[in-house]
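As a plain string of letters, each chain reads:
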Amino acid sequence: MLIVEKVGLAWVVFTSVLILVMWPHLASPWQMVGVRIAWIAATLLLARIASISSPLGEVGRGLLFFLRTAAALAWLSVFYPETYEFNRWRDNFDWWFAEADWHLFGCQPALEMSKLLDSPWWSEAFNLGYFSYFPMIAILIIAIALSRSSSTILPSPLLPRVGAVILASFFIYYTIYIALPVAGPQFYFAAIGPEAAAQGIYPKIGTYFDTQTAMLPAPGWTDGFFYKLVALTQHTGERPTAAFPSSHIGIATIVLILALRHARRVVPLLLPLCLLLYGATIYIQAHYLVDAIAGLITAPIVLWLASRLTGYEFKP
């Protein structure tokens, strides 16, 4: 198995144990077991195809090498919503983070930012940044895959290692989300009412999100192209989970650091997208400002830890 697949396997094993421990509290444990069976089957199939790929030639082997790394990362879209399944039955902690924003900044930045920057241009710019989250990762992976010399078309051997670091970074954040149920302003303010949030009233809501998943409509230019893309992705994949710390900011920062080390030619593209994503997390009400700050602070720590776990040499 490639190192990136081994990281995925470690997560499958770890969360399988969690499923067994939490089984009585989970809404669909058999479905979660099925996901892990599907992951094992798909990963072993790709590994088997790669082991007999000699008839495919160098082009085929190169494509399989890239595909196995990309596939390991693609499973994040399945594993992310499960953080909600693991923590939905536990008491919610949004009230604490909403109070932190209120006491630190004297307002709710998640409510005020869109009012301060009220124009279609800002709306589209921030939604572009937010939508660029996974495309930024794809840009880095493709750039590294193409970084070999022209003498061979096989992807860089660094590819699965960098993919493993990114995947392990996600899983570190996911572990925090499982342990700390925080949904974010778009869910919590929908639960308590934006009027209460604006007045500094933040009640504890216990296990409210075990059965309720309503979101506030995102502020901004509703006719915007990127607004609609973000709204669609949130409607299909977002859950009341994963707010603190912001993995959007943490992972985007990690991707930027990795690009500075291995694919500097894409940094001029990634940097503005990264900055827009930073602002977007607050603008679209996905995160409290303390979440965003924590995302920046934790990014180098998570990168260091993921590097140690995957054997990646974290050097400038």
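Use the structure listed above.
All values derive from a computational prediction rather than experimental measurement.

Visitor: Give a description of a nonpolar patch on the surface that names residues and reports values.
Guide: Where nonpolar side chains cluster on the molecular surface, the patch consists of Met1, Leu9, Val13, Val17 and Val21 and spans about 430 Å² of accessible area. Counting through the fold element by element, Met1 comes out in the segment before helix 1 (3-22).

Visitor: Give a description of the packing of aromatic side chains that names residues and reports values.
Guide: By the definition in use, this model includes 25 aromatic pairs. Both rings, one in Phe131 and one in Phe226, keep their centres 6.4 Å apart while their planes meet at 50 degrees; by these two values the pair is tilted. Here Phe131, found in helix 7 (residues 120-131), pairs with Phe226, found in helix 12 (residues 225-237); they are 95 residues apart in sequence, far enough to count as distant. Among the aromatic residues, ring-to-ring pairing joins Trp11, Phe14, Trp75, Phe79, Tyr80, Tyr133, Phe134, Phe170, Phe171, Tyr173, Tyr174 and Tyr177 into one connected group.

Visitor: Describe unusual backbone geometry, listing the residues and the values that go with them.
Guide: Trans is the common state for peptide bonds, and a negative phi is the common state for residues other than glycine. The omega torsion of the bond from Phe244 to Pro245 falls at -15 degrees, within 30 degrees of zero and hence cis. Following the sequence through the fold, Pro245 ends up in the loop between helix 12 and helix 13 (247-262). In the Ramachandran plot, Ala242 falls in the positive-phi region, its phi being about 65 degrees despite a non-glycine side chain. Within the secondary structure layout, Ala242 lies in the loop between helix 12 and helix 13. Despite not being glycine, Gln285 shows a phi value in the positive range, around 70 degrees. Relative to the assigned elements, Gln285 resides in the loop between helix 14 (267-283) and helix 15 (289-310). Of the residues examined, Gln285 reaches a relative accessible area of 7% and is grouped as buried.

Calculation notes
- Residues numbered from 1 in each chain as written.
- Predicted model: local features only at pLDDT ≥ 70, side-chain atom pairs only at ≥ 80, totals over all residues.
- Heavy atoms only, no water.
- Patch = residues over 30% accessible without salt bridge, like charges linked within 9 Å, V, L, I, M, F, W, Y side chains within 5 Å.
- Areas by Shrake-Rupley, 256 points an atom, 1.4 Å probe, with all protein chains shown as cover.
- Salt bridge = Lys/Arg side-chain N within 4 Å of Asp/Glu carboxyl O.
- Helix = DSSP H or I, 4+ residues; strand = E, 2+ residues; numbered from the N terminus.
- Phe/Tyr/Trp six-rings, centres within 6.5 Å; stacked < 30°, edge-to-face > 60°.
- Buried < 20%, exposed > 50% of the residue type's maximum accessible area, 1.4 Å probe, protein only.

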